[in-house]
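Remarks on the overall topology
Each chain, written out:
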Amino acid sequence: MRKLLNQFQSLESLKKIIIIVCSVIMAMLVGSLLVIASGANPMDAYYYMILRPMSSVSSLGEVSMYFTPLLLVGVGVSFTLQCKLTNLGGEGQILFGALGMTLVGVSPLGKSLGIFSLVLGALLGMLMGGLYASIASIFKTMFNASELVVTLMLNYIATQLISYIIFYHLRAGAEPQSAKIGTMIPKIFTGSRINYGVIIALIMVVIYAIVIYKTKFGYNLRVLGGSIKASRYSGISEKKYYFIAMLISGAICGLAGMMQVAGNTGRLMSGVAADFGFGGIVVALLGNLNPIGIVIAAFFMALISSGAVTMQVKTGIPTSFASVLEALIVLFILLGMAISVYLDKRKKVK
């Protein structure tokens with residue numbers, strides 16, 4: 001059964017890679033038409049958006065501020081997608097992870113612990129992110145509620161709750177934001193914003209690869225994602241694996257929130273989650289749930305997000321074009337997969 005599953009997944013992976021490559025090309029072509037319509041040169045736009053951010057260590061430091069959370073959320077979302085669950089609640093889980101780091105970082109205990117406060121903040125952030133994601137898995141396993149709807153709604157609850165906490169309970173000064181945490185993640189290079197959070201994110205990718213491809217848990221996740229009937233025949237508990245997958249996914253997204261506070265903003269504030277929840281889903285889809293693919297996709301998405309500002313300054317194209325490009329990529333990927341499923345069904349009928 002394991003050999004049949006691997007052969008089936010190899011064929012499916014090849015199809016998905018072709019769909020992904022074609023989707024990126026189509027998205028960039030459609031994006032070029034939008035750029036031309038705005039009176040700018042598409043070559044200039046894509047140069048400043050994708051190539052210019054790689055021109056110096058300092059620029060790569062800006063890219064890393066997007067790369068780390070996108071990579072972590074991409075890995076987290078991939079855990080759920082492996083068993084055909086979809087975690088749209090990355091934003092809320094990021095916010096709770098950021099809250100966990102903030103509670104540790106601004107406390108007298110956290111300030112006295114120094115660098116060890118980052119470890120405690122990471123653990124609390126992952127715990128809070130995981131527990132918040134588990135709400136969706138409880139609704140899924142107990143009431144058969146759609147995890148897409150539940151996780152999406154939980155984002156709005158988390159956004160409003162964190163805004164309330166920042167405004168009334170953790171507010172420090174005139175602006176609605178917390179005090180600065182006592183310890184930040186150390187930088188790797190002088191004169192660049194690249195910090196050791198990048199290393200931790202890459203380690204999480206390695207852990208993801210080991211769990212998915214080298215453990216019984218990962219194998220069972222893939223069986224569940226490949227066929228519910230096959231998983232039931234093998235005695236795999238859907239409820240158990242759905243719950244654990246969502247818990248792990250939320251914990252990793254919570255770690256991304258911790259990284260945002262400890263490696264970037266230095267404090268809890270509105271917008272700390274940015275669009276990383278949605279961006280992480282794009283990363284997982286672009287990377288085809290493959291560890292190496294996820295890293296490449298996260299870097300590509302980070303280039304787009306980081307270079308959007310430079311593109312606006314140099315060409316006049318608004319930064320929102322980056323969000324449009326991301327949405328086009330997702331649209332074409334979903335369209336390609338839908339066409340693939342339709343063609344497979346037609347072959348079976350014949």
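Bear in mind the structure is a predicted one, so any value in this text is a computation, not a measurement. (Residues numbered from 1 in each chain as written. Predicted model: local features only at pLDDT ≥ 70, side-chain atom pairs only at ≥ 80, totals over all residues. Heavy atoms only, no water.)

**Focus: the pattern of salt bridges**
The tally for this structure, following the rule as stated, stands at three salt bridges. Ionic pairing is found between Glu-62 and Arg-193, a salt bridge with its closest N-O pair at 3.1 Å. Here the residue Glu-62 occupies a position in helix α3 (residues 57-81), and Arg-193 occupies one in the loop between α7 (147-169) and α8 (197-214), the gap between them amounting to 131 residues. The closest approach of N and O atoms between Glu-147 and Lys-140, which form a salt bridge, is 3.4 Å. (Salt bridge = Lys/Arg side-chain N within 4 Å of Asp/Glu carboxyl O. Helix = DSSP H or I, 4+ residues; strand = E, 2+ residues; numbered from the N terminus.)

**Some details on the packing of aromatic side chains**
If you walk through the whole model with that rule in mind, you get 10 aromatic pairs. Seen from their ring centres, Tyr-47 and Tyr-48 are 5.0 Å apart, and the 70° between their planes marks the pair as edge-to-face. Judged by its relative accessible area of 38%, Tyr-47 is partly exposed. Through a chain of ring-to-ring contacts, three or more aromatic side chains come together here, namely Tyr-164, Phe-167 and Tyr-168. Across the ring face of Tyr-242, the terminal group of Lys-140 is positioned such that the distance to the ring centre comes to 5.8 Å. Positioned above the aromatic ring of Phe-167 is the side chain of Arg-171, whose terminal nitrogen or guanidinium carbon lies 4.5 Å from the ring centre. (Phe/Tyr/Trp six-rings, centres within 6.5 Å; stacked < 30°, edge-to-face > 60°. Buried < 20%, exposed > 50% of the residue type's maximum accessible area, 1.4 Å probe, protein only. Lys NZ or Arg CZ within 6 Å of the ring centre and 35° of its normal.)

**So, the layout of surface pockets**
Unoccupied space between atoms shows up once a probe the size of one water molecule is rolled over them. Volume-wise, the second largest pocket comes out at about 250 Å³. For the second largest pocket, the lining is made up of 14 residues, of which Tyr-66, Asp-275, Ser-305, Ser-323 and Glu-326 are closest to its centre. Elements represented by at least two residues in the lining of the second largest pocket include exactly α3, α12 (276-286), α13 (291-315) and α14 (320-349). In terms of residue class, the lining of the second largest pocket is made up of eight nonpolar, four polar and two charged. (1 Å grid on protein atoms, 1.4 Å probe; cavity = no way out; pocket = protein on both sides within 12 Å on 5 of 7 lines; lining within 4 Å. Points joined across faces, edges and corners; volume = space filled by probe spheres on them. Nonpolar A, V, L, I, M, F, W, Y, C, P; charged D, E, K, R; others polar.)

**Here's the deal with the packing of α3 against α13**
Where α3 meets α13, the closest approach of the two axes is 8 Å, and the angle between their N-to-C directions is 135°. One element, α3, and the other, α13, form an angle in the oblique class. α13 is crossed by α3, and the crossing has right-handed handedness. On α13, the residues touching Leu-60, Glu-62, Val-63, Tyr-66, Phe-67, Leu-70, Leu-71, Gly-74, Val-75 and Ser-78 of α3 are Ile-294, Val-295, Ala-298, Phe-299, Met-301, Ala-302, Leu-303, Ser-305 and Ser-306. (Axes fitted to C-alpha atoms, helices over the stretch in contact; angles between N-to-C directions. Parallel < 35°, antiparallel > 145°, perpendicular 65-115°, else oblique. Left-handed = near helix turned anticlockwise from the far one by under 90°. Contact = heavy atoms within 4.5 Å.)

**Description of empty space enclosed by the protein**
Per the stated rule, a full pass over the model turns up one cavity of 30 Å³ or more. Its boundaries defined by the atoms lining it, the largest cavity holds a volume of some 70 Å³. Taken together, Ser-64, Met-65, Thr-68, Pro-69, Asn-195, Gly-197, Met-259, Gln-260, Gly-263 and Asn-264 make up the lining of the largest cavity. The set of elements that each furnish at least two residues to the lining of the largest cavity consists of α3 and α11 (238-265).

**Digging into the environment of Ile-212**
Checked against the element boundaries, Ile-212 lands in helix α8. Residues Ile-212 and Ser-249, 37 residues apart in the sequence, show an inter-C-alpha distance of 13 Å. Residue contacts for Ile-212: discarding those within four places in its chain leaves Phe-79, Gln-82, Gly-218, Tyr-219, Leu-221 and Arg-222.

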